[in-house]
Amino acid sequence: MTDTPIRLNEQALQGAITAMDVTILTGVLRDGREEEALKLARMIMRSTALMVMRPGDPRAARKAAFLSAMVAAFAAHGSDKARAAMEEAKGQLELAGLGYQRILTALAASSCTTLSPAERVTNALWRAASQSDSLMRETFASLTAAPYVVAQGMTLRAPNGRRLAPDTLNDSLITIAGATLQMEAITQSWLDGEVIVLPVPTAVTLESLEAMAFNDRTALAWDNWRVFEQTARFLDCPMTLISEGGRDAFHAPLPADDWIDWACQTRRNDQYDQNLLEYDRRPDIRNAIRPLAASPPLAPDAVLNVVEAFAVGAMSEFLGYAIIDDLEQIAGLRIIEWIRGFAVLAILGEQREAAPLPHDPPRLPLFTEGDLVAALVQGGLSREGAILFIGEALFRKSSSDLYDAPLVRLQDGRLLLFSPAAIGSNIVGGLRSIFARKKVVFEKKGPAFEDLLLQRLQRAGSRHGFEAIAWETGIDGQTYQYDVLLLWSDHLFVFECKNRSVSDGSPVQARHFLGENLRHARQVRRLASALEARPELVSEAFGRPVGPVTIVPVVLNNLTYAREGRHEGVYFQDAGALLRFFNSPAITAKAALPIGGGRKRLYDLVDVPIWSGSEPTPADLMEQLENPVQLRILRHHTRSAAFRFPLDTTTTVVTTEHTRRPQDQYTLAEMTDTTRREVREGFVRAKKKALKDQRKADRKASLAAGRRPWQ
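Every chain's residues receive numbers from 1 upward, in the order its sequence appears when written. Residues qualify for local features only when their pLDDT is at least 70, as the model is predicted, and side-chain atom pairs are given and counted only at 80 or more; totals for whole chains, interfaces and linings, by contrast, use all residues. Derived side-chain values reflect all non-hydrogen atoms in the structure, with water molecules and hydrogen atoms excluded from consideration.

A. Examining the overall build of the chain more closely. Strands here mean DSSP runs of E at least two residues long; helices mean DSSP runs of H or I at least four residues long; both are numbered from the N terminus. For the chain, the helix and strand inventory stands at 25 helices and 19 strands. When we talk radius of gyration, it's over C-alpha atoms, and the globule rule is simply 2.2 Å times the number of residues to the 0.38. A compact globule built from 711 residues would reach a C-alpha radius of gyration of about 27 Å, and the chain, at 28 Å, matches this within 12%. In this description, accessible areas are obtained by the Shrake-Rupley approach with a 1.4 Å probe, and a residue is regarded as covered only by the protein chains that are shown. For the chain, the accessible surface area stands at approximately 32,500 Å², while carbon and sulfur atoms represent 52% of it. Only four residue types enter the charge count, namely Lys and Arg as positive and Asp and Glu as negative; His and the chain termini do not. To locate a charge, the coordinates of NZ of Lys, CZ of Arg, CG of Asp or CD of Glu are taken. Side chains of the chain give 84 positive and 85 negative charges; the mean places of these two sets differ by 5 Å.

B. Here's a closer look at the sheet that holds strand 4 (residues 191-192). Strands were regarded as paired on the criterion that DSSP finds at least two bridges between them. Strand order in this open sheet of 5 strands is 4-5-9-10-8, and the pairing throughout is mixed. The sheet is open, and its two edges are formed by strand 4 and strand 8 (366-367), each paired on a single side. Two strands pair when backbone bridges link them, and strand 9 (residues 407-410) and strand 10 (residues 415-417) are joined in this way by 3 bridges, in the antiparallel orientation. Within the sheet, the bridge partner assigned to Val 408 lies in strand 10 and is Leu 416.

C. How the structure looks around the confidence of the model for the chain. Mean pLDDT over the chain stands at 87; residues scoring 70 or higher make up 91%. The predictor attaches a confidence to each residue, and that confidence, scored 0 to 100, is pLDDT. Should any heavy atoms of two residues lie within 4.5 Å, those residues are counted as being in contact. Note that pLDDT drops below 50 for residues 156-163; the model gives that stretch 16 contacts with residues more than four away or on any other chain. A low-confidence stretch, residues 707-711 stays under pLDDT 50, and its non-local contacts, those more than four residues away or across chains, total 5 contacts.

D. Quick peek at the side chain of Thr 180. When you line up the elements, Thr 180 lands in helix 7 (residues 166-188). Here the side chain of Thr 180 touches Ile 176 through a polar contact of 2.8 Å, landing on its backbone oxygen. Discounting chain neighbours no more than four positions away, the residues touching Thr 180 are Ala 124, Asn 215 and Ala 219. Throughout this description, a polar contact denotes any pair of N or O atoms lying within 3.5 Å of each other; where both atoms belong to protein, one of them has to be capable of donating a hydrogen while the other can accept it, and for residues adjacent in sequence the pair is counted only when both atoms sit in side chains.

E. Expanded view of the nonpolar core. Side-chain atoms within 4.5 Å link the members of a nonpolar core, which is a set of buried Ala, Val, Leu, Ile, Met, Phe, Trp, Tyr and Cys residues. Here's how the labels work: a residue is buried when its accessible area is under 20% of the maximum for its type, exposed when over 50%, partly exposed in between, all with a 1.4 Å probe on protein chains only. By size, the foremost hydrophobic cluster in this structure holds 93 residues, and its most contacted members are Leu 485 and Leu 531. Here the element with the most residues in this core is helix 13 (residues 335-354); it accounts for 10 residues. Discounting residues that sit within four places of it in the chain, Leu 531 has contacts with Trp 471, Tyr 482, Leu 485, Leu 492, Val 494, Leu 537, Val 538 and Ile 551. Met 20, Leu 40, Ala 73 and Ala 221 belong to the second-largest nonpolar core, a separate cluster that totals 53 residues.

F. Molecular detail of the packing of aromatic side chains. Only centres within 6.5 Å qualify two rings of Phe, Tyr or Trp (six-membered ring in Trp) as a pair; their planes then separate them into stacked at under 30 degrees, edge-to-face at over 60, and tilted for everything else. Here the structure, examined in full by the defined rule, presents 19 aromatic pairs. Between Phe 342 and Phe 389 the ring centres are 5.1 Å apart and the planes differ by 85°, which places this aromatic pair in the edge-to-face class. Residue Phe 342 is located in helix 13, and its partner Phe 389 is located in helix 15 (residues 383-392); the two are separated by 47 residues in the primary sequence. Like Phe 342, the residue Phe 389 is buried in the burial classification. A network of ring pairs unites the aromatic residues Tyr 100, Trp 222, Trp 225, Phe 228 and Phe 250 as a single cluster. Geometrically, a lysine NZ or arginine CZ counts as sitting over a ring once it is within 6 Å of the ring centre and also within 35 degrees of the ring normal. The ring of Tyr 480 carries Arg 526 above its face, with NZ or CZ at 3.8 Å from the centroid.

G. Looking closely at the state of the cysteines. Here, two cysteine sulfur atoms that lie within 2.5 Å of each other are counted as a disulfide. Tallied over the entire structure, the rule returns 0 disulfides. No disulfide involves Cys 237; its sulfur sits 18 Å from the nearest other cysteine sulfur, which is in Cys 264.

H. Here's a closer look at the pairing of strand 19 (residues 651-660). The sheet contact formed by strand 7 (residues 247-251) and strand 19 spans 4 bridges and is parallel. Following the sheet pairing, Phe 250 is matched in strand 19 by Val 653.

I. Representation of the packing of helix 1 (residues 10-18) against helix 3 (residues 34-45) in the model. Interaxial distance between helix 1 and helix 3 falls to 10 Å at its minimum, and their mutual angle equals 55°. Judged by the inter-axis angle, helix 1 sits oblique to helix 3. At the point where helix 1 passes helix 3, the crossing takes the right-handed sense. Of the residues in helix 3, those in contact with Glu 10, Leu 13, Gln 14 and Ile 17 of helix 1 are Lys 39, Leu 40, Met 43 and Ile 44. Simply put, an axis is a line fit to the C-alpha atoms, just over the touching stretch for a helix, and the angle between two N-to-C directions goes from 0 to 180 degrees. Angles are sorted into four bins: roughly parallel if under 35 degrees, roughly antiparallel if over 145, roughly perpendicular if 65 to 115, and oblique for all others. In this scheme, a crossing is called left-handed if the near helix is turned counterclockwise away from the far one by less than a right angle; it is called right-handed if the turn is clockwise.

J. Quick peek at the pattern of salt bridges. Just to be clear on terms, a salt bridge is a Lys or Arg side-chain nitrogen sitting within 4 Å of an Asp or Glu carboxyl oxygen. Counted by the stated rule, this structure contains 25 salt bridges. Residue Arg 660 pairs with Asp 270 through a salt bridge whose shortest N-O separation is 2.7 Å. Separated by 390 residues along the polypeptide, Arg 660 in strand 19 and Asp 270 in helix 10 (residues 258-280) bring together distant segments of the chain. Given a relative accessible area of 26%, Arg 660 falls into the partly exposed group. Here Asp 270 falls in the buried class, since its relative accessible area comes to 16%. Here Arg 363 ties to Glu 353 by a salt bridge, and the two come within 3.4 Å at their closest N and O atoms. Here Arg 363 is found in the loop between helix 13 and strand 8, whereas its partner Glu 353 is found in helix 13, with 10 residues between them in sequence.

K. Just the packing of helix 1 against helix 2 (residues 22-29), in detail. The contact between helix 1 and helix 2 brings their axes to 8 Å, and the two run at 135°. It follows from the interaxial angle that helix 1 and helix 2 lie oblique. Considering only the axes of helix 1 and helix 2, their crossing is left-handed. Taken together, the residues of helix 2 that come into contact with helix 1 (itself represented by Leu 13, Ala 16 and Ile 17) are Ile 24, Leu 25 and Val 28. Each residue gets one label: Ala, Val, Leu, Ile, Met, Phe, Trp, Tyr, Cys and Pro are nonpolar, Asp, Glu, Lys and Arg are charged, and the others, such as Gly, are polar. A class-by-class count of the residues in the contact of helix 1 with helix 2 yields 6 nonpolar, no polar and no charged.

L. Looking closely at the environment of Gly 391. Residue placement: Gly 391 occurs in helix 15. Here Gly 391 falls in the partly exposed class, since its relative accessible area comes to 25%.

M. Structural detail: helix 13. Multiplying 1.5 Å by the residue count of a helix minus one yields the expected span of that helix. The end-to-end C-alpha distance of helix 13, which contains 20 residues, comes to 29 Å, matching closely the 28 Å that a straight helix rising 1.5 Å per residue would cover. Burial within helix 13 is extensive, with 16 of its 20 residues counted as buried.

If you want it as structure tokens, here you go:
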């Protein structure tokens, strides 16, 4: 009876792995199928619960014994390939844990240990908050002093001498603070389940802040190591440890899609910044803003700030339907309630920054849970919803960062708000990250995205001479559903529309996303192959005779995921780039120029052409699919080079880092035939137009005030 094979679903398998149940897992191996054995080995390798992260972990011996027992079980019941996979899983878990152990050992031996654990976390939070405040002031001063501002062109000098975007620098500060909390919480067992519970903040001195300088490097090492080791375990890039001359170095190959994934995140962030800038200039948005004290209703009737308004619009665009009409709840809250909750936290952070209470640490306001519930209720949430939101916004040992969870529970029951994360939060990105971790599936967003895209393509087709339809047919008893068929001259583009969350920089989510891409590619290949095998179906779909066509299969993403050339036999493009192709002949560098009264307006400076002529053609679209102009621009501004970071005094990690140089009208002109002189002349023309617009606005304001323009 004990030799009977056991078959379990993935959830049950994960439970057995977490419980380290050798008997059940050995029973699974008796099934004899190599595919199942390999799947089990991969699941074991990706189980963080089996990793020994902390020196002196009391469960270390049990975890080591379990892994050794599983290697023996694979050797007895699995193929050579499966046995090798289990040995690799054991080795990768041991190396991953070793990295964390070395970081914590170095931290324990550093000057930070002159401070108590409570003093360390207080100083880490205070230091990050203070540096974030200084960074924002420097950014504002640079923006104010600049004669013009070009999107993606703003940089500041980091302490290490590199010039980086302000958002990148601020993200590093937030990362340091969050990683410090997680390191200390794991070491000191400041945990209530997953939730981190910190001691009450202590006093801060100049000496204690200086002592925390080493902690900043250690915290960054912790976060960098987390990404490195998860990439190795989840994206099949096994790491190795090379020892030479008393020094150790961790190495791992780069994932094949690393740059594409990085480009997706970078373009998404650029899109966020650009769209937020445009929202900030909309009078209707400004008119909808209400103060928290006025107990404003939820959107669309009112918003607390521009960021909330943008989040409502962006989430609606992402999902393909108006979230203001969506009554469905996620973890007990509607999406607009999630957005309002984060907007309330941002307002509270700003209010307490302007008027701190006597015992508040700088930019780290403290609240009783009752006060926070009252503020959220005032902001439009129900009492039950407010309590649920607070629980979801608490920082955990598994939280990605403080942006997603800016509330920290204290041991005296109060809540600390990390204001830099709350005020600077990208609510849309945070919610996508939260919902992805919760494995939320938005059933409506796929069809809604398809309908919206089809409407926009049909409008574009009326201008540019192509047809776009949705079509469904049956072939040999099987259903073939075409989201969009775009017939343009002798080309038929088969678009399979996908509205899925991207990786957001997480190797864990990247693995799921890449697996979905393979399924999507198979799906659109099946659809295209049916039309190639039976060309008469094209005429049937469009209701008229259609001659021979070149069929082009495309997976079309709602978010900013695109690739160069074919992958798995199909193209990958994003809807934003596709619609941009039909709506504009070029990518344009814009500058925000002052027009008086503290206002600025966007002006065009340099064009990177997308069309080859005055109208788009199928050949232009094929070129855009083969070599998307958005990726060409990003590659032109990107440098990929070896990046090393230390874990301790004798251990280094070697990986690759992608960095982008500042983008402005001159760097874009390098991709065209435009000379620097022509760029300068264009800028002079734009300044003259801005001055003209300023005078026009001043005359209009004077007339509105009942004065003559010259008075």
